[in-house]
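Analysis of the macromolecular model
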Amino acid sequence: MRRVLAGPAATAALVLAACATSWVAQPSRALAADADQLSFAAHEHDLGYRAYVAKSFDEAATHFENAFFAAPNPAELRSAIRARKEAGELARAATLAVVGQRKYAGDASIGKLADEVLAEAKPKVYEVRLASGTECNVAVDDKVVLAERLREQRFFVEPGKHELDVGWSDDRTKRVPIVATAGGSQSLALEAPPIPAKPVPPPPSAAGGPAPSSRPLGPAVFLVGAVLTAAGAGVTIWSGIDTENHPGTAAVKSDCVGQGTSCPQYQQGLDAQRRTNILLAATGGVAAVTLVVGVFFTQWSHVERPMAESAATTRAGITVEPTFGLGQAGLIGSF
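We now turn to the structure provided with this report.

The rules behind the values
- Residues numbered from 1 in each chain as written.
- Predicted model: local features only at pLDDT ≥ 70, side-chain atom pairs only at ≥ 80, totals over all residues.
- Heavy atoms only, no water.
- Phe/Tyr/Trp six-rings, centres within 6.5 Å; stacked < 30°, edge-to-face > 60°.
- Buried < 20%, exposed > 50% of the residue type's maximum accessible area, 1.4 Å probe, protein only.
- Helix = DSSP H or I, 4+ residues; strand = E, 2+ residues; numbered from the N terminus.
- Expected span 1.5 Å × (residues − 1).
- Arc of directions from axis to C-beta.
- Contact = heavy atoms within 4.5 Å.
- Polar contact = N/O pair within 3.5 Å; in protein donor to acceptor, adjacent residues only side chain to side chain.

Okay, the packing of aromatic side chains next. In this description, an aromatic ring pair is defined by two values, namely the gap between the centres and the angle between the planes. Summed over all chains, the structure comprises two aromatic pairs. Ring geometry for Tyr52 against Phe57: centres 5.1 Å apart, planes inclined by 75°, an arrangement best described as edge-to-face. Centre to centre, the rings of Phe68 and Phe69 are 5.1 Å apart; their planes meet at 65°, and the pair counts as edge-to-face. Judged by its relative accessible area of 2%, Phe68 is buried. Among the residues examined, Phe69 registers a relative accessible area of 30% and is labelled partly exposed.

Next up, the structure:
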(Lines give C-alpha, C1' and ligand atoms only; values in the text may rest on other atoms or scores of the structure.)
Protein backbone atom coordinates (compact mmCIF):
# COMPACT_ATOMS: atom_id res chain seq x y z
CA MET A 1 0.00 0.00 0.00
CA ARG A 2 1.33 3.48 -0.81
CA ARG A 3 0.66 6.34 1.61
CA VAL A 4 -0.02 9.85 0.39
CA LEU A 5 0.88 12.84 2.58
CA ALA A 6 -1.23 15.96 2.45
CA GLY A 7 -1.20 19.36 4.09
CA PRO A 8 1.69 21.29 5.73
CA ALA A 9 3.41 18.11 6.93
CA ALA A 10 3.63 16.87 3.36
CA THR A 11 5.05 20.17 2.17
CA ALA A 12 7.71 20.18 4.89
CA ALA A 13 8.66 16.59 4.20
CA LEU A 14 9.02 17.26 0.48
CA VAL A 15 11.13 20.37 1.06
CA LEU A 16 13.48 18.62 3.44
CA ALA A 17 13.70 15.53 1.24
CA ALA A 18 14.79 17.75 -1.62
CA CYS A 19 17.36 19.41 0.66
CA ALA A 20 18.72 16.02 1.77
CA THR A 21 18.97 14.88 -1.85
CA SER A 22 20.82 18.05 -2.84
CA TRP A 23 23.17 17.65 0.10
CA VAL A 24 24.16 14.16 -1.10
CA ALA A 25 24.55 15.48 -4.64
CA GLN A 26 27.49 17.73 -3.70
CA PRO A 27 30.36 15.21 -3.41
CA SER A 28 33.02 17.52 -4.77
CA ARG A 29 32.28 20.23 -2.20
CA ALA A 30 32.03 17.68 0.61
CA LEU A 31 35.40 16.17 -0.24
CA ALA A 32 36.96 19.61 -0.26
CA ALA A 33 35.74 20.41 3.23
CA ASP A 34 37.50 19.44 6.39
CA ALA A 35 36.30 16.19 7.94
CA ASP A 36 35.47 17.83 11.25
CA GLN A 37 33.50 20.56 9.49
CA LEU A 38 31.59 17.98 7.51
CA SER A 39 30.74 16.07 10.67
CA PHE A 40 29.58 19.26 12.35
CA ALA A 41 27.57 20.32 9.29
CA ALA A 42 25.83 16.95 9.08
CA HIS A 43 24.92 17.11 12.74
CA GLU A 44 23.57 20.66 12.39
CA HIS A 45 21.59 19.68 9.31
CA ASP A 46 19.97 16.82 11.22
CA LEU A 47 19.04 19.17 14.09
CA GLY A 48 17.64 21.67 11.59
CA TYR A 49 15.56 18.97 9.90
CA ARG A 50 14.04 17.90 13.24
CA ALA A 51 13.31 21.49 14.26
CA TYR A 52 11.72 22.27 10.88
CA VAL A 53 9.38 19.26 11.11
CA ALA A 54 8.46 20.42 14.63
CA LYS A 55 7.72 23.89 13.17
CA SER A 56 10.44 25.51 15.29
CA PHE A 57 11.49 27.52 12.28
CA ASP A 58 13.83 29.97 14.03
CA GLU A 59 15.77 27.12 15.63
CA ALA A 60 15.79 25.22 12.34
CA ALA A 61 17.18 28.25 10.49
CA THR A 62 20.00 28.62 13.00
CA HIS A 63 21.06 25.00 12.54
CA PHE A 64 20.81 25.22 8.74
CA GLU A 65 22.97 28.35 8.75
CA ASN A 66 25.55 26.66 10.97
CA ALA A 67 25.66 23.76 8.56
CA PHE A 68 25.98 26.07 5.55
CA PHE A 69 28.85 28.14 6.93
CA ALA A 70 30.68 24.98 8.04
CA ALA A 71 30.37 23.29 4.62
CA PRO A 72 28.83 25.72 2.10
CA ASN A 73 26.43 24.31 -0.51
CA PRO A 74 23.29 25.76 -2.14
CA ALA A 75 20.91 23.14 -0.71
CA GLU A 76 21.76 24.07 2.89
CA LEU A 77 21.41 27.75 2.08
CA ARG A 78 17.98 27.16 0.55
CA SER A 79 16.92 25.39 3.73
CA ALA A 80 18.12 28.32 5.83
CA ILE A 81 16.31 30.87 3.64
CA ARG A 82 13.04 28.93 3.78
CA ALA A 83 13.28 28.48 7.56
CA ARG A 84 13.92 32.21 8.12
CA LYS A 85 11.00 33.08 5.87
CA GLU A 86 8.70 30.66 7.72
CA ALA A 87 9.85 32.19 11.04
CA GLY A 88 8.81 35.64 9.80
CA GLU A 89 12.43 36.90 9.89
CA LEU A 90 12.31 38.57 6.51
CA ALA A 91 15.41 40.75 6.97
CA ARG A 92 17.60 37.73 7.64
CA ALA A 93 15.92 35.70 4.90
CA ALA A 94 16.58 38.51 2.40
CA THR A 95 20.22 38.78 3.53
CA LEU A 96 20.71 35.05 2.95
CA ALA A 97 18.94 35.38 -0.42
CA VAL A 98 21.56 37.96 -1.48
CA VAL A 99 24.29 35.53 -0.41
CA GLY A 100 22.69 32.90 -2.62
CA GLN A 101 22.58 35.24 -5.62
CA ARG A 102 26.24 36.14 -5.16
CA LYS A 103 27.67 32.69 -4.46
CA TYR A 104 25.42 30.53 -6.68
CA ALA A 105 24.48 32.77 -9.59
CA GLY A 106 24.14 29.77 -11.89
CA ASP A 107 21.83 27.77 -9.61
CA ALA A 108 18.27 28.21 -10.98
CA SER A 109 16.48 26.89 -7.88
CA ILE A 110 18.24 29.17 -5.43
CA GLY A 111 17.92 32.09 -7.85
CA LYS A 112 14.13 31.60 -8.04
CA LEU A 113 13.82 31.34 -4.24
CA ALA A 114 16.00 34.43 -3.72
CA ASP A 115 13.89 36.50 -6.14
CA GLU A 116 10.68 35.47 -4.36
CA VAL A 117 12.02 36.25 -0.88
CA LEU A 118 13.49 39.63 -1.90
CA ALA A 119 10.24 40.67 -3.62
CA GLU A 120 8.29 39.89 -0.43
CA ALA A 121 10.81 41.37 2.00
CA LYS A 122 11.91 44.65 0.40
CA PRO A 123 8.73 46.66 1.19
CA LYS A 124 8.98 45.60 4.84
CA VAL A 125 12.69 45.80 5.67
CA TYR A 126 15.62 48.23 5.31
CA GLU A 127 18.46 47.63 2.85
CA VAL A 128 22.08 48.57 3.65
CA ARG A 129 24.82 48.61 1.03
CA LEU A 130 28.33 49.01 2.42
CA ALA A 131 31.51 49.54 0.40
CA SER A 132 35.09 49.62 1.70
CA GLY A 133 38.48 49.82 0.05
CA THR A 134 39.61 46.79 2.03
CA GLU A 135 37.80 43.66 3.12
CA CYS A 136 35.69 43.96 6.23
CA ASN A 137 32.99 42.16 8.16
CA VAL A 138 29.83 43.57 9.73
CA ALA A 139 27.83 42.90 12.88
CA VAL A 140 24.38 44.37 13.49
CA ASP A 141 23.50 44.87 17.15
CA ASP A 142 26.42 42.56 18.08
CA LYS A 143 25.21 39.80 15.72
CA VAL A 144 27.51 38.86 12.83
CA VAL A 145 25.90 39.36 9.43
CA LEU A 146 28.20 37.06 7.42
CA ALA A 147 31.05 34.74 8.32
CA GLU A 148 33.33 36.20 5.62
CA ARG A 149 35.14 39.44 4.86
CA LEU A 150 34.13 41.34 1.73
CA ARG A 151 34.76 44.73 0.18
CA GLU A 152 31.07 45.12 -0.67
CA GLN A 153 28.31 44.02 1.68
CA ARG A 154 24.57 44.02 1.08
CA PHE A 155 22.24 43.06 3.88
CA PHE A 156 18.86 43.90 5.40
CA VAL A 157 17.66 44.90 8.88
CA GLU A 158 14.27 45.24 10.50
CA PRO A 159 12.84 48.79 10.90
CA GLY A 160 14.15 50.62 13.96
CA LYS A 161 17.45 51.85 15.43
CA HIS A 162 20.53 49.69 14.98
CA GLU A 163 24.28 49.79 15.58
CA LEU A 164 26.58 48.57 12.84
CA ASP A 165 30.03 47.40 13.92
CA VAL A 166 32.36 47.26 10.93
CA GLY A 167 35.67 45.46 11.46
CA TRP A 168 38.93 45.31 9.51
CA SER A 169 42.21 43.55 10.12
CA ASP A 170 44.50 44.59 13.00
CA ASP A 171 41.53 45.08 15.35
CA ARG A 172 40.34 48.24 13.57
CA THR A 173 36.63 48.97 13.98
CA LYS A 174 34.02 51.64 13.37
CA ARG A 175 30.54 51.87 14.86
CA VAL A 176 27.81 53.38 12.68
CA PRO A 177 24.31 54.06 14.04
CA ILE A 178 21.42 53.80 11.58
CA VAL A 179 17.68 54.42 11.76
CA ALA A 180 15.94 51.88 9.52
CA THR A 181 12.53 52.41 7.93
CA ALA A 182 10.36 49.89 6.11
CA GLY A 183 11.16 49.88 2.39
CA GLY A 184 14.10 52.27 2.81
CA SER A 185 17.74 51.84 1.86
CA GLN A 186 21.13 53.38 2.62
CA SER A 187 24.59 53.24 1.03
CA LEU A 188 27.70 53.60 3.18
CA ALA A 189 31.28 54.12 1.99
CA LEU A 190 33.74 53.49 4.80
CA GLU A 191 37.51 53.49 4.97
CA ALA A 192 39.44 51.47 7.48
CA PRO A 193 41.14 53.49 10.24
CA PRO A 194 44.95 53.63 10.02
CA ILE A 195 46.81 50.73 11.54
CA PRO A 196 47.87 51.80 15.05
CA ALA A 197 51.60 52.19 15.52
CA LYS A 198 53.16 49.53 17.67
CA PRO A 199 55.01 50.83 20.74
CA VAL A 200 58.78 50.82 20.28
CA PRO A 201 60.47 48.79 23.03
CA PRO A 202 63.32 50.53 24.86
CA PRO A 203 66.81 49.57 23.64
CA PRO A 204 68.38 46.79 25.68
CA SER A 205 71.11 47.82 28.06
CA ALA A 206 74.68 46.94 27.11
CA ALA A 207 75.75 43.45 28.16
CA GLY A 208 77.38 43.57 31.56
CA GLY A 209 76.46 47.21 32.06
CA PRO A 210 75.11 48.42 35.38
CA ALA A 211 71.38 48.18 35.91
CA PRO A 212 69.54 51.50 36.20
CA SER A 213 69.38 52.60 39.81
CA SER A 214 66.25 53.75 41.58
CA ARG A 215 68.16 55.62 44.31
CA PRO A 216 66.83 59.18 44.39
CA LEU A 217 69.76 61.19 45.85
CA GLY A 218 73.04 62.32 44.43
CA PRO A 219 76.41 62.42 46.21
CA ALA A 220 75.90 66.07 47.21
CA VAL A 221 73.43 65.16 49.95
CA PHE A 222 75.89 62.70 51.47
CA LEU A 223 78.69 65.29 51.24
CA VAL A 224 76.63 67.83 53.19
CA GLY A 225 75.92 65.21 55.88
CA ALA A 226 79.61 64.27 56.06
CA VAL A 227 80.64 67.94 56.47
CA LEU A 228 78.06 68.48 59.21
CA THR A 229 79.23 65.31 60.97
CA ALA A 230 82.86 66.44 60.84
CA ALA A 231 81.95 69.92 62.09
CA GLY A 232 79.84 68.48 64.89
CA ALA A 233 82.68 66.16 65.90
CA GLY A 234 85.07 69.10 66.08
CA VAL A 235 82.74 71.20 68.22
CA THR A 236 82.04 68.22 70.48
CA ILE A 237 85.77 67.66 71.04
CA TRP A 238 86.28 71.35 71.84
CA SER A 239 83.34 71.27 74.26
CA GLY A 240 84.75 68.21 76.04
CA ILE A 241 88.15 69.84 76.47
CA ASP A 242 86.55 73.09 77.64
CA THR A 243 84.48 71.15 80.19
CA GLU A 244 87.63 69.55 81.64
CA ASN A 245 89.50 72.89 81.90
CA HIS A 246 86.86 75.50 82.83
CA PRO A 247 86.59 75.49 85.74
CA GLY A 248 88.17 72.02 86.06
CA THR A 249 87.83 69.34 88.69
CA ALA A 250 90.45 70.76 91.02
CA ALA A 251 88.89 74.25 91.02
CA VAL A 252 85.46 72.85 91.82
CA LYS A 253 86.82 70.83 94.77
CA SER A 254 88.70 73.76 96.24
CA ASP A 255 86.15 76.52 95.67
CA CYS A 256 82.96 74.63 96.51
CA VAL A 257 83.87 73.19 99.91
CA GLY A 258 80.77 73.27 102.10
CA GLN A 259 78.53 74.83 99.39
CA GLY A 260 77.04 71.69 97.86
CA THR A 261 75.54 71.71 94.37
CA SER A 262 74.65 75.41 94.56
CA CYS A 263 78.28 76.37 94.09
CA PRO A 264 78.72 78.56 90.95
CA GLN A 265 81.81 76.61 89.77
CA TYR A 266 79.92 73.32 90.14
CA GLN A 267 76.96 74.66 88.13
CA GLN A 268 79.33 75.97 85.43
CA GLY A 269 80.94 72.55 85.08
CA LEU A 270 77.50 70.88 85.02
CA ASP A 271 76.32 73.19 82.22
CA ALA A 272 79.48 72.50 80.20
CA GLN A 273 79.00 68.76 80.63
CA ARG A 274 75.33 69.00 79.55
CA ARG A 275 76.40 71.02 76.47
CA THR A 276 78.96 68.39 75.54
CA ASN A 277 76.43 65.57 75.88
CA ILE A 278 73.94 67.42 73.64
CA LEU A 279 76.62 68.03 71.00
CA LEU A 280 77.70 64.40 71.17
CA ALA A 281 74.13 63.13 70.67
CA ALA A 282 73.44 65.55 67.80
CA THR A 283 76.68 64.66 66.03
CA GLY A 284 75.94 60.95 66.41
CA GLY A 285 72.45 61.44 64.95
CA VAL A 286 73.78 63.35 61.93
CA ALA A 287 76.44 60.67 61.40
CA ALA A 288 73.81 57.89 61.51
CA VAL A 289 71.55 59.67 59.03
CA THR A 290 74.51 60.37 56.74
CA LEU A 291 75.48 56.72 56.89
CA VAL A 292 71.95 55.56 55.88
CA VAL A 293 71.78 58.14 53.07
CA GLY A 294 75.16 57.13 51.72
CA VAL A 295 74.47 53.39 51.76
CA PHE A 296 70.81 53.15 50.75
CA PHE A 297 69.71 56.37 49.02
CA THR A 298 72.75 57.79 47.16
CA GLN A 299 73.39 56.97 43.51
CA TRP A 300 77.18 56.88 43.26
CA SER A 301 77.59 55.33 39.78
CA HIS A 302 76.94 57.26 36.57
CA VAL A 303 75.06 56.20 33.40
CA GLU A 304 77.35 54.08 31.28
CA ARG A 305 79.01 56.09 28.56
CA PRO A 306 81.01 55.12 25.46
CA MET A 307 84.42 53.60 26.19
CA ALA A 308 86.40 56.58 24.89
CA GLU A 309 84.40 59.07 26.94
CA SER A 310 84.59 56.85 30.01
CA ALA A 311 88.37 56.51 29.71
CA ALA A 312 88.80 60.26 29.28
CA THR A 313 86.68 60.93 32.32
CA THR A 314 88.62 58.40 34.35
CA ARG A 315 91.86 60.16 33.47
CA ALA A 316 90.65 63.69 34.09
CA GLY A 317 87.77 63.24 36.53
CA ILE A 318 87.29 62.71 40.23
CA THR A 319 85.96 59.51 41.80
CA VAL A 320 84.23 59.87 45.15
CA GLU A 321 83.20 56.95 47.36
CA PRO A 322 81.85 56.92 50.92
CA THR A 323 83.83 55.25 53.69
CA PHE A 324 82.52 54.47 57.14
CA GLY A 325 84.10 53.26 60.34
CA LEU A 326 83.40 53.10 64.02
CA GLY A 327 82.40 56.60 65.06
CA GLN A 328 83.42 58.15 61.75
CA ALA A 329 82.07 58.90 58.27
CA GLY A 330 84.12 60.22 55.39
CA LEU A 331 85.02 60.15 51.69
CA ILE A 332 87.78 58.56 49.63
CA GLY A 333 88.65 60.47 46.46
CA SER A 334 90.96 59.72 43.55
CA PHE A 335 92.06 62.28 40.98
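Back to the text.
As a further point, take helix α7 (residues 108-121). For an α-helix, the turn length of 3.6 residues means that residues three or four places apart are oriented alike. With 14 residues, α7 extends 20 Å from end C-alpha to end C-alpha; this agrees with the ideal 20 Å at 1.5 Å per step. For α7, the complete set of buried residues consists of Ile110, Leu113, Ala114, Val117, Leu118 and Ala121. Looking straight down α7, one finds its buried side chains confined to an arc of 130°; they lie on one side. In α7, the exposed positions that point more than 90 degrees away from the buried face belong to Ala108, Lys112 and Ala119. At its buried positions, α7 is contacted by α5 (74-86), α6 (90-103) and β3 (150-157).

Within the fold, Gln153 resides in strand β3. A residue is classified by how much of its surface remains accessible, and Gln153, at 4% relative accessible area, is buried. Separated by 2.9 Å, the side chain of Gln153 and the backbone oxygen of Cys136 make a polar contact. Sequence-distant contacts of Gln153, that is, excluding residues within four places in its chain, are made with Val128, Arg129, Leu130, Cys136, Asn137, Val138, Leu146 and Glu148.

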